[in-house]
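# Structure at a glance
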Amino acid sequence: MIPVSAQNFFTPKEQAQIRAAVAHVEQQSHGEIVPVIIDSASDYSRSVARSSFMLTMALAAFCLWIIPASENDQLFWQLPVGATICFVTFWIILEQIPPLKRMLLSRAEIDSAMESRTLELFTRHGIYKTREHSGILILISLLEHRVEILADEGINARVDVEEWQKVADEIAAGLKQGNACAAICSAIARCEVLLVTHFPHTRESAAADTNELPNLIIPQEQD
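Remember, predicted model here, so these are calculated numbers, not experimental data.

The number of helices and strands found in the protein is 10 helices and 3 strands. Tracing the protein from N to C terminus, the helices and strands come up as α-α-β-α-α-α-α-β-β-α-α-α-α. Within the span of the protein, comprising 223 residues, buried residues form 39% of the whole. Considering only intrachain contacts with a sequence separation of at least 6, the fraction spanning at least 24 residues in the protein is 75%.

This is the structure:
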């Protein structure tokens with residue numbers, strides 16, 4: 001079985017549906033929507049190292065407790081070797097089992113990583129460069145099961161924070177229910193209502209409009 005990642009999370013047909021939903025929004029308004037799906041917001045290497053170390057120490061303490069005192073003279077070489085092997089093993093396990101890795105992350109760690117990654121992608125892909133400052137980034141991160149919305153100042157000044165949270169919650173619910181594509185398309189339609197309300201096209205502007213940003217981004221690899 002191929003492990004689920006950003007690269008294979010959506011089928012080609014689903015990717016086409018998402019791009020079509022974004023294109024429809026941009027035909028109706030001056031807004032630009034960029035959905036981005038990534039494997040994780042961070043590699044969380046420090047958290048993985050910390051968890052691996054703590055698990056190793058717990059296992060070492062347990063072994064010292066059950067090993068007979070008569071065998072303690074062998075521990076001067078067995079313990080360091082065993083601890084190193086355990087540390088590497090725990091590290092590999094955490095990296096290979098995302099749900100377990102996610103369980104060991106604190107909410108603060110995830111919040112910080114998601115905020116940093118969202119801002120980095122918003123800047124990297126030039127979502128702030130649209131003429132009307134109406135770009136919207138929809139970031140979906142699979143490891144964290146999180147969705148973040150970041151809108152440029154033009155549209156953000158006219159839309160309440162609660163509206164963006166509703167968009168994020170709708171997609172997050174679809175991810176949990178295994179209906180991500182439909183949820184994203186529905187959320188994009190919700191954004192369309194907001195953009196058409198505040199940045200509607202006239203006949204002239206629609207004819208002159210160009211697609212300034214990609215309609216879907218799936219990074220080839222995580223930084």
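Here we come to the sheet that holds strand 3 (residues 146-151). By way of backbone hydrogen bonds, the strands of a sheet pair with one another, either parallel or antiparallel. Strand order in this open sheet of 3 strands is 1-2-3, and the pairing throughout is mixed. Two strands lie at the open edges of the sheet, namely strand 1 (32-38) and strand 3, each paired on one side alone. Between one strand and the next, the sheet's axes are offset by a mean angle of 15°, whatever the strand orientation. Bridge count for strand 2 (residues 135-141) against strand 3 is 6 bridges, and the pairing is antiparallel.

Moving on to the packing of helix 8 (residues 161-176) against helix 9 (residues 180-198). Interaxial distance between helix 8 and helix 9 falls to 7 Å at its minimum, and their mutual angle equals 165°. Judged on the interaxial angle alone, helix 9 and helix 8 are roughly antiparallel. Considering how the two elements wind past one another, helix 8 and helix 9 form a crossing that is right-handed. Contacts from Glu 163, Trp 164, Lys 166, Val 167, Glu 170, Ile 171, Gly 174 and Leu 175 of helix 8 reach helix 9 at Ala 180, Ala 183, Ile 184, Ser 186, Ala 187, Arg 190, Cys 191 and Leu 194.

With their axes 9 Å apart at the nearest point, helix 2 (residues 12-28) and helix 9 run at an angle of 5° to one another. Judged on the interaxial angle alone, helix 9 and helix 2 are roughly parallel. The segment helix 2 lies against helix 9, with Glu 14, Gln 17, Ile 18, Ala 21, Val 22, His 24, Val 25 and Gln 28 engaging Cys 181, Ile 184, Cys 185, Ile 188, Glu 192, Leu 195 and Val 196. In terms of residue class, the contact of helix 2 with helix 9 is made up of 10 nonpolar, 3 polar and 2 charged.

A contiguous nonpolar patch, built from Leu 55, Ile 93, Ile 97, Leu 100, Met 103 and Leu 104 and spanning about 500 Å² of accessible area, is present on the exposed surface. Mapped onto the secondary structure, Ile 97 falls in the loop between helix 4 (75-96) and helix 5 (98-103).

What follows is about the packing of aromatic side chains. When we look at a pair of aromatic rings, we describe it by the centre distance and by the angle of the planes. Enumeration over the complete set of coordinates arrives at 2 aromatic pairs. Ring geometry for Phe 9 against Phe 10: centres 5.0 Å apart, planes inclined by 80°, an arrangement best described as edge-to-face.

A word on the nonpolar core. In terms of nonpolar packing, the biggest core is built from 35 residues, with Ile 33, Ile 136, Ile 138, Ile 140, Val 147, Trp 164 and Ile 188 touching the most fellow members. Put simply, the parts of the chain that give this core at least two residues each are helix 2, strand 1, strand 2, strand 3, helix 8 and helix 9. The biggest single contributor to this core is helix 9, with 9 residues. If we ignore the near neighbours within four places in the chain, the residues touching Ile 140 are Val 36, Ile 37, Ile 38, Arg 146, Val 147, Ile 171, Leu 175 and Ile 184. In this structure, Ile 38, Ala 41, Met 114 and Ile 127 belong to the second largest nonpolar core, which totals 17 residues.

Attention now moves to the environment of Gln 17. Relative to the helices and strands, Gln 17 is located in helix 2. For Gln 17, a relative accessible area of 36% translates into the label partly exposed. A C-alpha to C-alpha distance of 8.9 Å links Gln 17 and Ala 182, two positions 165 residues apart in sequence. When near neighbours in sequence (up to four residues on either side) are disregarded, Gln 17 contacts Cys 181 and Cys 185.

For Tyr 44, which is not glycine, the phi torsion reads 50° and is therefore positive. Inspection of the secondary structure puts Tyr 44 in the loop between strand 1 and helix 3 (45-66). Given the relative accessible area of 5%, Tyr 44 is considered buried. Despite not being glycine, His 145 shows a phi value in the positive range, around 55°. Residue position: His 145 is located in the loop between strand 2 and strand 3.

The buried fraction of strand 2 is high, at 7 of 7 residues. Residues Gly 135, Leu 137, Leu 139 and Ser 141 point to one face of strand 2 and Ile 136, Ile 138 and Ile 140 to the other, with burial holding for every one of them. Summarising the sheet, strand 1 and strand 2 pair through 7 bridges and their orientation is parallel. Residue Ile 33 lies in a different strand from strand 2, and its bridge partner there is Ile 136.

Definitions and cut-offs
- Residues numbered from 1 in each chain as written.
- Predicted model: local features only at pLDDT ≥ 70, side-chain atom pairs only at ≥ 80, totals over all residues.
- Heavy atoms only, no water.
- Helix = DSSP H or I, 4+ residues; strand = E, 2+ residues; numbered from the N terminus.
- Buried < 20%, exposed > 50% of the residue type's maximum accessible area, 1.4 Å probe, protein only.
- Contact = heavy atoms within 4.5 Å.
- Pairing = 2+ DSSP bridges.
- Axes fitted to C-alpha atoms, helices over the stretch in contact; angles between N-to-C directions.
- Parallel < 35°, antiparallel > 145°, perpendicular 65-115°, else oblique.
- Left-handed = near helix turned anticlockwise from the far one by under 90°.
- Nonpolar A, V, L, I, M, F, W, Y, C, P; charged D, E, K, R; others polar.
- Patch = residues over 30% accessible without salt bridge, like charges linked within 9 Å, V, L, I, M, F, W, Y side chains within 5 Å.
- Areas by Shrake-Rupley, 256 points an atom, 1.4 Å probe, with all protein chains shown as cover.
- Salt bridge = Lys/Arg side-chain N within 4 Å of Asp/Glu carboxyl O.
- Phe/Tyr/Trp six-rings, centres within 6.5 Å; stacked < 30°, edge-to-face > 60°.
- Core = buried A, V, L, I, M, F, W, Y, C linked by side-chain atoms within 4.5 Å.

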